[in-house]
Amino acid sequence: MDFKKQSIKTSVVACIIDDQQRVLLTRRCIEPFCGQWVMPGGKIDHGERLLEAVHREVREEVGLEILVDGLLDVYEHVGVGAAEDHYVILYYRAHALSGSLEHNPGEVTEAAWVAGEDLHRYDMTPGTRHILAQVLPGQVNDPGEPEDELSNRLQVGVNTPGS
C-alpha cells in the first residue's frame, strides 16, 4: 500500500493598496498557479508568526516595507495540482511604508501597481479575484468561495471512501 503524507499548506498574502487605489500584483513563477497574477505572499515558516511572514514575503518578493492594517479574509484552495494540495491562505490589507518596488526574479517574474479599472486584463487566481472583489467592489468579478471538493465529487457521481 502506498502512503503519502498529506498536509494543509498555510500561506499569508498582503493586499497592498496605494494612495491612488492601485493594488500591487505579482506574476508567479512558482507552482502552483505559475504565470498567474497574485498579491505578494507565501508560505509561513515553522515557528514564524503570521505577521512576520507577511512582512518577510513582501520584502523578499518586491522589496517593500509595509504596515499591516488587518485581516481581510481567509480563502481555501482544495485539490490543487497533481498532488491535490490543500492551501489555506490568510489575506491581510496593508499599505507600503518604504522601499522601492523591485521584484525578485527568483520569486516572481514581474510586479506592477494596477488600477482597479485595469484588473480585468490580468489572469488572476480565484483567491486573488475573490479578495479584490471585496476590496475594490465593481472592479473584479468574484468567483465566489471555492467549491467543496467532496461535495462536488458526490454530485458528479465519483466514488468516495465510505459512499
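Keep in mind the model is a prediction, meaning the values are calculated, not measured.

### Some words on helix α2 (residues 126-135)
In step 1: In terms of burial, α2 is a largely internal element, 7 of the 10 residues being buried.
In step 2: Turning to α2, its buried residues are Gly-127, Thr-128, His-130, Ile-131, Leu-132, Ala-133 and Val-135.
In step 3: For α2, the secondary structure elements touched by its buried residues are β1 (8-16), β2 (22-28), β3 (37-38), β5 (65-80) and β6 (85-98).

### Thoughts on the state of the cysteines
In step 1: This structure, assessed with the given rule, holds 0 disulfides.
In step 2: Left without a disulfide partner, Cys-34 is nearest to the cysteine sulfur of Cys-29, which lies 6.3 Å away.
In step 3: Owing to a relative accessible area of 41%, Cys-34 belongs among the partly exposed residues under this scheme.

### Remarks on the sheet that holds β6
In step 1: The strand order across the open sheet formed by 4 strands is β4-β1-β6-β5, and the pairing between neighbours is mixed. Every interior strand has two partners, whereas the edge strands, β4 (41-43) and β5, have only one. Sheet twist, expressed as the average angle between the axes of neighbouring strands with direction ignored, equals 20 degrees.
In step 2: Judged from the 3 bridges that link them, β1 and β4 form a sheet pairing that is antiparallel. Looking across to β4, one finds that Ser-11 is bridged to Lys-43.

### Let's talk about the side chain of Thr-125
In step 1: With respect to the helices and strands, the residue Thr-125 is situated in the loop between β7 (108-115) and α2.
In step 2: Look at Thr-125 and you get buried, because its relative accessible area is 3%.
In step 3: Not counting residues within four places of it along the chain, the set of residues in contact with Thr-125 comprises Phe-33, Gln-36, Trp-37 and Val-38.

Calculation criteria
- Residues numbered from 1 in each chain as written.
- Predicted model: local features only at pLDDT ≥ 70, side-chain atom pairs only at ≥ 80, totals over all residues.
- Heavy atoms only, no water.
- Buried < 20%, exposed > 50% of the residue type's maximum accessible area, 1.4 Å probe, protein only.
- Helix = DSSP H or I, 4+ residues; strand = E, 2+ residues; numbered from the N terminus.
- Contact = heavy atoms within 4.5 Å.
- Disulfide = S-S within 2.5 Å.
- Pairing = 2+ DSSP bridges.
- Axes fitted to C-alpha atoms, helices over the stretch in contact; angles between N-to-C directions.

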